[in-house]
Amino acid sequence: MRLLQRLKRGMSTQKSRPQGNSNYAYTTARVRAMKSKLLPKETYPRLINMQIDEITRFVGELEYKEDVDYLARFYEGVDLIEHALNRNLAVTFTKLISISEGELNFLISEYLKKYDIWNIKTILRGKYCGASTDEILEAVVAAGRLTYTFTSELAAKPTYEDVIASLSTSEYASILKDYDGTNLSVIENRLDKKYYQDLFTAIGDPKSKDRKLFSKFIRTDIDMKNLITLFRLKKYKVNDPETADLILDGGLRLKYKEVEKMMPLAFEDFLTELENTSYWEELSDCCGPNMDSLTDVETKLKKLRLKTAASFSHVYPLSIVPIMDYILSKENEVNNLRIIIRGKAVGLSDEEIKSQLVI
Amino acid sequence: MAVETAAAVMDPAGLKAIGAGLAVGLTGIGSGLAEKDIGSAAVGAMAENEALFGKGLILTVIPETIVIFGLVVALLIS
């Protein structure tokens, strides 16, 4: 059967798009079992009351045991947990790629390409501000197609030119060749846009219901990203015309034109305009002209994102959506743990840490 | 004349045997198709959590009833 699939793949004109059978039943059941192992929300208040050493022990007894044990030789304290969380995230997501087959595998790896882009961006940023290899590796999550070995080799290169030269055969080469050492934000934007374009090309024209749902899922993602960008720009009164590049096209409930219309407005007018959109219902209780920080809005948006993903995943149990839901929940768990640990390390109060958590 | 020949060729016992064979064969294919996805999902869940072995096994053999019905029908015919 495998041989037949491989032969079919070899003959197909679109080599990157496997046409073999997807093992939806196996993957979704396994992913659901994996999801049941995520931390329940009652654990977080308990974690907040613990000291860093206790948290390290607690985390070391969970799913992260192997990673903590492995990395305990190199790091300690907060760094140990940070690296263990990143390693676990990478291992978990690479596992998703290795257990799926056919088209499902293709879609998951397309979605996880965001980590490749994240790593390339991290390395370029690191080189831009002269960070050491270890510092760069602290933020690397090798969950995409680029392996950890390759990424650490990239991080060890002395200059950004060497990094770009090593990536000359990759699909990002056409964008990276325009990097001249100063226009980092432009390159980052173009990489992000390429990611979404590729994802939409991968989904194609969605015909089946689960594909439509996946497309909806990605477009909601774009909505959230656009909203957060808008909130940040408006709150800090950035009115540079170049910021229009930061907006992503393809949103679901906020079309590109609507977002474009909101761009030149002041913060108060932006909020008034937002009242006409369907997101206002969810955001109204934490938005106002006198809001101090954007933490509440961002947390709210992330919660909304998780909630929509969870409800989508129940509509089509045998599709890619439950897997996307798991990816989001896992990312969220790792982020929450990181917030707690980092917050404790710098001595933030429990209340402040709690306000940052997305539970 | 033709009817007589047909009756001579199609022995009722043979037809019964064909019917019984079809009953078992087709229901076998049916339960196989049904068990395929359930089985792979059960193995997937078991890979993550071994405690699900019992539940997985029971769910996997539920479509087995289809082929048992086929077998019963086959026994009744023959």
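Small disclaimer: the values here were computed from a predicted structure and weren't measured.

**Digging into the overall build of chain B**
Along its length, chain B carries four helices and zero strands. Listing each helix as α and each strand as β along chain B from the N terminus yields α-α-α-α. By the burial criterion, 21% of the 78 residues in chain B qualify as buried. Long-range contacts, defined here as pairs at least 24 residues apart, represent 75% of the contacts in chain B between residues at least 6 apart. For chain B, the exposed area adds up to about 5300 Å²; of that, 79% sits on carbon and sulfur atoms.

**Comments concerning the pattern of salt bridges**
Residues and elements named next belong to chain A. Inspection of every chain in the model, using the stated rule, returns 24 salt bridges over all chains. Among the salt bridges present, the one from Lys 121 reaches Asp 192, with a minimum N-O distance of 3.0 Å. You can see Lys 121 sitting in helix 8 (residues 113–128) and its partner Asp 192 sitting in helix 13 (residues 184–203), a full 71 residues away along the chain. When its relative accessible area of 25% is taken as the criterion, Asp 192 is described as partly exposed. One connected set of salt bridges, linked through shared partners, spans Glu 110, Lys 113, Arg 145, Glu 171, Lys 194 and Asp 198.

**Some words on the interface of chain A and chain B**
When the parts of a complex come together, some accessible area is lost, and that lost area is often taken as the interface size. Taken together, the eight residues of chain A in the interface contact eight residues of chain B. Together chain A and chain B conceal approximately 690 Å² of surface at their shared face, both sides included; 64% is due to carbon and sulfur atoms. Put simply, chain A and chain B have three salt bridges between them. Between Arg 30 of chain A and Glu 48 of chain B there is a salt bridge, with the nearest N and O atoms lying 2.9 Å from each other. At the boundary of chain A with chain B, the tally comes to three residue pairs in polar contact (both at pLDDT 80 or more). Top contributing element to the side of chain A that touches chain B by residue count: helix 2 (residues 24–35) of chain A, with six residues. Looking at the side of chain A that touches chain B, its residues break down into five nonpolar, no polar and three charged.

**Comments concerning the packing of helix 14 (residues 209–235) of chain A against helix 19 (residues 321–345) of chain A**
Residues and elements named next belong to chain A. Running from N to C, helix 14 and helix 19 point in directions that differ by 25°, and their axes come no closer than 10 Å. Judged on the interaxial angle alone, helix 19 and helix 14 are roughly parallel. Here Asp 210, Leu 213, Phe 214 and Phe 217 of helix 14 lie close against helix 19, whose contacting residues are Val 321, Met 324 and Leu 328. Each residue belonging to the contact of helix 14 with helix 19 can be placed in one class, and the counts come to six nonpolar, no polar and one charged.

**Focus: the nonpolar core**
Residues and elements named next belong to chain A. With 82 residues, the main nonpolar core has Leu 47, Leu 96, Tyr 111, Leu 176 and Phe 217 as its most contacted residues. Those residues in contact with Leu 96 that lie beyond four places of it in its chain are Val 31, Met 34, Ile 108, Ile 323, Tyr 326 and Ile 327. With 25 residues, the next largest nonpolar core counts Ile 228, Phe 231, Leu 294 and Val 297 among its residues.

**Some remarks on the packing of helix 2 (residues 12–48) of chain B against helix 3 (residues 53–61) of chain B**
Angle between the axes and distance between the axes: these two values describe a pair of packed helices. Residue and element names in this part refer to chain B. At a minimum axis distance of 9 Å, the contact between helix 2 and helix 3 shows a crossing angle of 175°. Relative to helix 3, the element helix 2 lies roughly antiparallel. Contacts between helix 2 and helix 3 involve Glu 35, Ile 38, Gly 39, Ala 42 and Met 46 from the first element and Phe 53, Gly 56, Leu 59 and Thr 60 from the second. Tallied by class, the residues present in the contact of helix 2 with helix 3 amount to five nonpolar, three polar and one charged.

**Section: helix 19 of chain A**
Residue and element names in this part refer to chain A. Taking 1.5 Å per residue as the helical rise, helix 19 with its 25 residues ought to reach 36 Å, and the 36 Å between its terminal C-alpha atoms agrees with that figure. Of all 25 residues making up helix 19, 20 are buried, and the element is well covered by its neighbours. Just downstream of helix 19 lies Gly 347, where phi reads positive at about 80°.

Rules used throughout
Residues numbered from 1 in each chain as written. Chains lettered and ligands numbered in written order. Predicted model: local features only at pLDDT ≥ 70, side-chain atom pairs only at ≥ 80, totals over all residues. Heavy atoms only, no water. Helix = DSSP H or I, 4+ residues; strand = E, 2+ residues; numbered from the N terminus. Buried < 20%, exposed > 50% of the residue type's maximum accessible area, 1.4 Å probe, protein only. Contact = heavy atoms within 4.5 Å. Areas by Shrake-Rupley, 256 points an atom, 1.4 Å probe, with all protein chains shown as cover. Salt bridge = Lys/Arg side-chain N within 4 Å of Asp/Glu carboxyl O. Buried area = accessible area lost by both parts, 1.4 Å probe. Polar contact = N/O pair within 3.5 Å; in protein donor to acceptor, adjacent residues only side chain to side chain. Nonpolar A, V, L, I, M, F, W, Y, C, P; charged D, E, K, R; others polar. Axes fitted to C-alpha atoms, helices over the stretch in contact; angles between N-to-C directions. Parallel < 35°, antiparallel > 145°, perpendicular 65-115°, else oblique. Core = buried A, V, L, I, M, F, W, Y, C linked by side-chain atoms within 4.5 Å. Expected span 1.5 Å × (residues − 1).

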